[in-house]
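Chain and residue survey
This is what each chain is made of:
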Amino acid sequence: MSLIQDADKIINKTKIKFDEKWIQYILTAQSKFEMNIFNIHDLTELIGHYTQLQELLREYIDTNQNYNVSGKSKKLYLSDYFAYGICMISNINDCKSFKDVFNKRDDFEINDISTTENYHEQDDDVMATYTNCMCSHSMCSENSYVITNLKTRGSIMVGCHCIKKTDIINIEELKKLINKKNRKKQEKAKRIKLTKQKKQKEEERLLNIIRKTELAKIKKQDVLIKWKCLVIKAVKHNNKIFRKNIIKQIRP
């Protein structure tokens, strides 16, 4: 759902847990707030309405903490408010996780607020004013964007950082994914090490075979050399005896 496809992807990490309690919390909150503001046509009024609405949304979740979080503290931060805002404009009953919220990309439309029909040249001064993103971070109006769910017709206003977010994940789930990834890396490293060790052992085994074969050849050669030497000695010895016998026979 990122407006700027070439930008670095940003994962929104939240302490809020997406469970049945959170679904019921959002349904209750949705019944209390009107998220559809398409009847506003004046840009100043539009930005003012988003600013006021989103401030009320943050006050509501800060004071009504009937939801589960990771960790002991329920104090929320920028990324938690953003996750909350996206859920507020989503059909939460169709989602089983924060990932499901972002995976329904076809449900969302994103517009630079300066390209909406509300913007006119005389509104340049308005665009230079400062307001707040759904996450509560301060932003210049000219850097604001409107995310609209085309099915629920609900919308929120965000800044140039939050518009780059492509996923929402609970911090505990993220830790599990990181641990799982690390385990896979460790297992892979272990497999590589075992394969290397196995290869080294096989190379050593082959080298030992070669050494033994070479030694056997050398020993065989030594035996042959010794045998030849013995044969030569025997021949020489026999020749001496043969000559002596001949001399004895020819002498008177």
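Residues numbered from 1 in each chain as written. Predicted model: local features only at pLDDT ≥ 70, side-chain atom pairs only at ≥ 80, totals over all residues. Heavy atoms only, no water.

Looking only at helices and strands, the chain has six helices and seven strands in total. In the chain, the order of α-helices and β-strands from amino to carboxyl end is β-α-α-α-α-β-α-β-β-β-β-β-α. Across the 252 residues that make up the chain, the buried fraction comes to 34%. In the chain, of all internal contacts separated by at least 6 residues, the share reaching a separation of at least 24 is 74%. Working note: accessible area of the chain is about 17,000 Å², and carbon and sulfur atoms make up 53% of it. (Helix = DSSP H or I, 4+ residues; strand = E, 2+ residues; numbered from the N terminus. Buried < 20%, exposed > 50% of the residue type's maximum accessible area, 1.4 Å probe, protein only. Contact = heavy atoms within 4.5 Å. Areas by Shrake-Rupley, 256 points an atom, 1.4 Å probe, with all protein chains shown as cover.)

If you check helix α1 (residues 20–32), its first and last C-alpha atoms are 19 Å apart, about what 13 residues at 1.5 Å a residue would give, namely 18 Å. Those residues of α1 hidden inside the fold are in contact with α2 (43–63), α3 (78–88) and α4 (98–103). (Expected span 1.5 Å × (residues − 1).)

Moving on: the nonpolar core. In terms of nonpolar packing, the biggest core is built from 49 residues, with Phe18, Trp22, Ile61, Tyr84, Ile86, Ile147 and Val158 touching the most fellow members. Elements that contribute at least two residues to this core include exactly α1, α2, α3, α4, β2 (108–112), β5 (145–149) and β6 (155–158). In terms of residue count, α2 provides more of this core than any other element does, eight residues in total. Contacts of Phe18, omitting those with residues within four sequence positions, involve Ile23, Cys87, Ile92, Cys95, Lys96, Ser97, Phe98 and Val101. (Core = buried A, V, L, I, M, F, W, Y, C linked by side-chain atoms within 4.5 Å.)

With that settled, consider the pattern of salt bridges. Inspection of the entire model under this criterion finds four salt bridges. The partner of Lys17 in a salt bridge is Glu172, with the nearest N and O atoms 3.9 Å apart. Of this pair, Lys17 sits in the loop between β1 (10–14) and α1 while Glu172 sits in helix α6 (residues 171–250), and the two are 155 residues apart along the sequence. For Lys17, a relative accessible area of 28% gives the class partly exposed. Its relative accessible area of 33% is what places Glu172 among the partly exposed residues. (Salt bridge = Lys/Arg side-chain N within 4 Å of Asp/Glu carboxyl O.)

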